[in-house]
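An overview of the molecular structure
Given next are the chains, with one letter for each unit.
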Amino acid sequence: MEASERRVISVIVVNEASVLSRITDLFSGRGYNITSLTVAPIPDSKYSRLTIVTSGSVRVIEQITKQLHKLIPVLKVYEHADLVEKEMALVKFPASENITDIATLCAAYNGKIVNVAENIIIVMVADEPKRVDNFLKIINKYNPKEIVRSGAVALER
Amino acid sequence: MQISGAQMVIEALIAEGVDTVFGYPGGAIMNIYDEIYKQDKFEHILTRHEQAAVHAAEGYSKASGKVGVAMITSGPGFTNAVTGLADAYMDSIPLVVISGQVPMSLIGTDAFQEIDAVGISRSCTKHNYLVTDAKDLPRILKEAFYIASSGRPGPVHVDIPKDVTAQIASFDYSIELGLETYKPHTKGNPRQIKKAMEAIAKAKRPLFYLGGGIINSNAAYEVRELVHATGIPAVETFMARGTLSHDDEYLISMLGMHGSYAANMAMSETDLVIGLGARFDDRVTGKLSEFAKNAGVIHVDIDPASISKLVNADYPIVGDIKNVVGEMLKLSSSINPAKYTSWKDTIKNFDTLHPLTYHEDTDRLKPQWVIQRVGELLGDDANISTDVGQHQMWTAQFYPFSRPRQFISSGGLGTMGFGFPAAMGVKAASPDKVSINFTGDGSILMNCQELMTAVEKKLPVINIILNNNYLGMVRQWQTLFYDKRHSETDLSVQPDFVKLAEAFGGIGYRVTTKDEFDAALKGALEKNIVAFIDVVVERLENVMPMVPSGGSLFNMMLLEKKEKKK
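Calculation criteria
Residues numbered from 1 in each chain as written. Chains lettered and ligands numbered in written order. Predicted model: local features only at pLDDT ≥ 70, side-chain atom pairs only at ≥ 80, totals over all residues. Heavy atoms only, no water. Helix = DSSP H or I, 4+ residues; strand = E, 2+ residues; numbered from the N terminus. Rg over C-alpha atoms; globule rule 2.2 N^0.38 Å. Contact = heavy atoms within 4.5 Å. Buried < 20%, exposed > 50% of the residue type's maximum accessible area, 1.4 Å probe, protein only. Areas by Shrake-Rupley, 256 points an atom, 1.4 Å probe, with all protein chains shown as cover. Lys, Arg positive; Asp, Glu negative; His and termini not counted. Charge placed at Lys NZ, Arg CZ, Asp CG, Glu CD. Buried area = accessible area lost by both parts, 1.4 Å probe. Salt bridge = Lys/Arg side-chain N within 4 Å of Asp/Glu carboxyl O. Polar contact = N/O pair within 3.5 Å; in protein donor to acceptor, adjacent residues only side chain to side chain. Axes fitted to C-alpha atoms, helices over the stretch in contact; angles between N-to-C directions. Parallel < 35°, antiparallel > 145°, perpendicular 65-115°, else oblique. Left-handed = near helix turned anticlockwise from the far one by under 90°. Nonpolar A, V, L, I, M, F, W, Y, C, P; charged D, E, K, R; others polar. Domains from an automatic or database assignment. Pairing = 2+ DSSP bridges. Right-handed = clockwise from strand over helix to strand, strands pointing away.

Attention now moves to the overall build of chain B. Of the regular secondary structure elements, chain B holds 21 helices and 20 strands. Over its C-alpha atoms chain B spans a radius of gyration of 24 Å, differing by no more than 12% from the 24 Å that the globule rule assigns to 566 residues. Taken along its principal axes, the extent of the C-alpha atoms in chain B is 70 × 60 × 40 Å. Considering only contacts within chain B whose residues lie at least 6 apart along the sequence, 76% involve residues at least 24 apart.

Below is the structure:
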């Protein structure tokens, strides 16, 4: 087996019905992995942009990009080599935890407290996926009640 | 022009030059059938099963080179048609398949005969549409025909809710195609083509590896020219049969699991594979790591995803075979055809050592004899369809094909039940040729209801049933790899095929000897109605040679050598 590598692929698609199913069906039908997937319309155009984090051997990644390109509503496929990549995470803590510590940690990961209620606080961080991993590991001791990650978005440098 | 959605479908088909539509009506598609009733520009052929409608459209398309059209209703009508869509997808056959759908207001409510048709067809079509507004229909239908027939061809499915077929909207078919995201690459890169030709000039044992893309691209005659200009020997895939004429001195034979010894050995010994419109399918390559191990690879294909998918291409060329081969021809003077004499002698020796043949050593007829006999009697005058199984491989091995589009078979999906309806489509497209369907006693029962269609529409397909009372190919694998445990493959209990054909108004023959076979074929040709010729053949005949699944091409099971019976 060839070594499996993590890759980020951006896909520009016509923003129309069932286009997302075409993409995800292709991945499931051909046995490719999706680690994360984000999608949103591109402003002032009829296109949407998907960012897919996947993994596979060089051959598999090449097939993924070619197969994506074969789909009729796909305009462009970028397999990123040199990219800026960010991911957001929201975390909910009990208000009883050490808020000062949490706020300091958030700041170190491009984040801050975004909501404070009687019993809980919600924080956000936005950073490289690997650093988000780190953040989530560190804050574990503050008893997070809920964690949500956005999946990565990326731009070629 | 303000017309209904249903009328738009008819107008679009007429504008596309469609002369034959295969289909089966039902609730959700009744508005369209009402318009079919009112028109006389194209013929509608009512099959007796939706699967057969799509296979017939495939046969029609393969024989004519045009887009095949089929129509079905929602729910079970559509699900019955899915096998045909998948078959066309695997073999890159251009089809437009139109299905009815429940009205928009009922979609998602589990309505009567509702199924998420585009959800099902997504993975077995080149593209599909759910039409939500009649004003989109002209564009969608025009795109459907264009997408089906351009680039790597394939089936396009258009699902139309019943209320959309009743909706009135403006129809203008002269609209320009948008499709900015779909631009098939047809012209090969000139620098790559030049580099490929330089590689060919340097090679000592080059080999053409001809695939079905040549037929789809209508490039067989250009390929013949290139083969003759360069003097390089060629092997054909199953899908490419007929690209070179059977008597072409440069044609070795078919390669792959049931390819000839010489073809598979040539592929194993070559130092440069020149792949044209072939996709290195597992039935062709055998064990990938041993496939053409010491060879460079030129791969010409219109589908970039086919290139370096399984075998790495040293010279990838994305483009239409017809264009690329045309460019290659212009550069072919750099190649000296006399150079390959010893290479060709090597291949000839392989063929002498283990020729593609069989032994007539039993009392019962040999299936291979029947196929060869039809070849002798009809040759070029017949179009040949097959079902799936042993008879299919024997046909590919032993029929003397002389032209492209003469051989119509289900290659990629391997669909039993394909042959008879496909042969009806072939006959509809090519009425001047005899339409033969070689089939087995297993396959024929999977769409035998089409006898009715063939009788009604006067499509005199001659079905030659090579009857060994087995699901022969599975039986062969059980004999060879499952220690002769013939699990559920014995078809000793079967219908009277003569009476079956007669019950529908066709003609039937049961044949046990060579003379009876000749007489039956002659009779069927003279009667000119749909026929079953039930040929009792040797039960335990195996398709040989054979590369066991996952084995290397050079490691073939071969026909036992025998002294000729006196």
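Check the secondary structure of chain A and you find 4 helices and 8 strands. Taken from the N to the C terminus, the helices and strands of chain A come in the order β-α-β-β-α-β-β-α-β-β-α-β. Taken over the C-alpha atoms alone, chain A extends approximately 55 × 40 × 30 Å along its principal axes. Going through the 157 residues of chain A one by one, you find that 41% of them count as buried. The contacts of chain A with a sequence gap of at least 6 include a subset with a gap of at least 24, amounting to 72%. Accessible area of chain A: about 8,500 Å², with a carbon and sulfur share of 53%. Separation of charge centres in chain A, based on 20 positive and 18 negative side chains, amounts to 3 Å.

Between chain A and chain B, the contact holds 18 residues from the first and 20 residues from the second. Summing both sides of the interface, chain A and chain B together bury roughly 1,500 Å²; the carbon and sulfur share of this comes to 47%. Ranking the residues of chain A by area buried against chain B places Arg22, Arg59 and Ile72 of chain A at the top, with a combined share of 41%. Between chain A and chain B we count 3 salt bridges in total. The closest approach of N and O atoms between Asp25 of chain A and Arg122 of chain B, which form a salt bridge, is 3.2 Å. In this assembly, chain A and chain B are joined by 10 residue pairs in polar contact (both at pLDDT 80 or more). Put simply, the parts of the chain that give the side of chain A that touches chain B at least two residues each are helix 1 (19-29), helix 2 (58-70) and strand 4 (74-79) of chain A.

Residue and element names in this part refer to chain B. The contact between helix 1 (residues 5-15) and helix 2 (residues 30-38) brings their axes to 8 Å, and the two run at 50°. Considering their axes alone, helix 1 and helix 2 lie oblique with respect to each other. Relative to helix 2, helix 1 is oriented so that their crossing is right-handed. Judged by residue contacts, Ala6, Gln7, Val9 and Ile10 of helix 1 engage Asn31, Ile32, Glu35 and Ile36 from helix 2. Class assignment of the residues belonging to the contact of helix 1 with helix 2 gives a composition of 5 nonpolar, 2 polar and 1 charged.

Here we come to the side chain of His391 of chain B. Residues and elements named next belong to chain B. Within the secondary structure, His391 sits in helix 16 (residues 390-398). With a relative accessible area of 4%, His391 lands in the buried category. For His391, the side chain forms a polar contact with the main-chain nitrogen of Val388, separated by 3.4 Å.

Residue and element names in this part refer to chain A. We note that the domain assignment places domain 1 (5-81) and domain 2 (84-156) within chain A. The gap between the C-alpha centroids of domain 1 and domain 2 is 28 Å. Facing the 10 residues of domain 1 at the interface are 9 residues of domain 2. Each partner contributes to the roughly 660 Å² buried at the junction of domain 1 and domain 2, and carbon and sulfur atoms together form 48% of this total. Counting across the interface, domain 1 meets domain 2 through 1 salt bridge. Between Glu85 and Arg6 there is a salt bridge; the shortest N-O distance is 2.7 Å. Across the contact surface, domain 1 and domain 2 share 5 residue pairs in polar contact (both at pLDDT 80 or more). Of all the elements in the fold, those that place two or more residues in the side of domain 1 that touches domain 2 are strand 1 (5-14), strand 2 (36-41) and strand 3 (47-56). Tallied by class, the residues present in the side of domain 1 that touches domain 2 amount to 3 nonpolar, 5 polar and 2 charged.

All names here are of chain A. Ordered by their spatial adjacency, 4 strands build an open sheet running 2-3-1-4, and the pairing between neighbours is antiparallel. One side of each edge strand has no neighbouring strand; the edge strands of this open sheet are strand 2 and strand 4. If you compare each strand with its neighbour and ignore which way they point, the axes differ by 15° on average. Relative to strand 3, strand 2 is paired through 6 bridges, and the arrangement is antiparallel. Of the residues in strand 3, the one forming a bridge with Val39 is Leu50. Its contacts with the sheet put helix 2 on strand 1, strand 3 and strand 4, and the angle it makes with strand 4 is roughly 160°.

As a further point, take helix 16 of chain B. With respect to burial, helix 16 of chain B is a largely interior element, 9 of its 9 residues being buried. Gln390, His391, Gln392, Met393, Trp394, Thr395, Ala396, Gln397 and Phe398 of chain B are the residues of helix 16 of chain B that are buried.

Residue and element names in this part refer to chain B. The omega angle of the peptide bond from Met544 to Pro545 is 0°, so this bond is cis rather than trans. By the secondary structure assignment, Pro545 is in the segment after strand 20 (531-536). Despite not being glycine, Leu179 has its phi angle at roughly 45°, a positive value. In this structure, Leu179 sits in the loop between strand 8 (168-170) and helix 8 (190-202).

Below, the discussion takes up the pattern of salt bridges. All names here are of chain A. What the rule picks out here adds up to 41 salt bridges over all chains. Arg149 is paired through a salt bridge with Asp133; the nearest N and O atoms lie 2.7 Å apart. Taken together, the positions of Arg149 in strand 8 (residues 146-156) and Asp133 in helix 4 (residues 129-138) put the pair 16 residues apart, joining distant regions of the chain. The class for Asp133 is partly exposed, based on a relative accessible area of 35%. Several salt bridges converge on common partners, so that one network encompasses Lys86, Asp127, Glu128 and Arg131.

With that out of the way, let us pick up the pairing of strand 3 (residues 43-46) of chain B. Residue and element names in this part refer to chain B. Pairing of strand 2 (residues 20-23) with strand 3, which is carried by 4 bridges, proceeds in the parallel orientation. Looking at the pairing, Val21 lines up with His44 of strand 3. In this fold, strand 2 hands off to helix 2, which returns the chain to strand 3; that crossover is right-handed.

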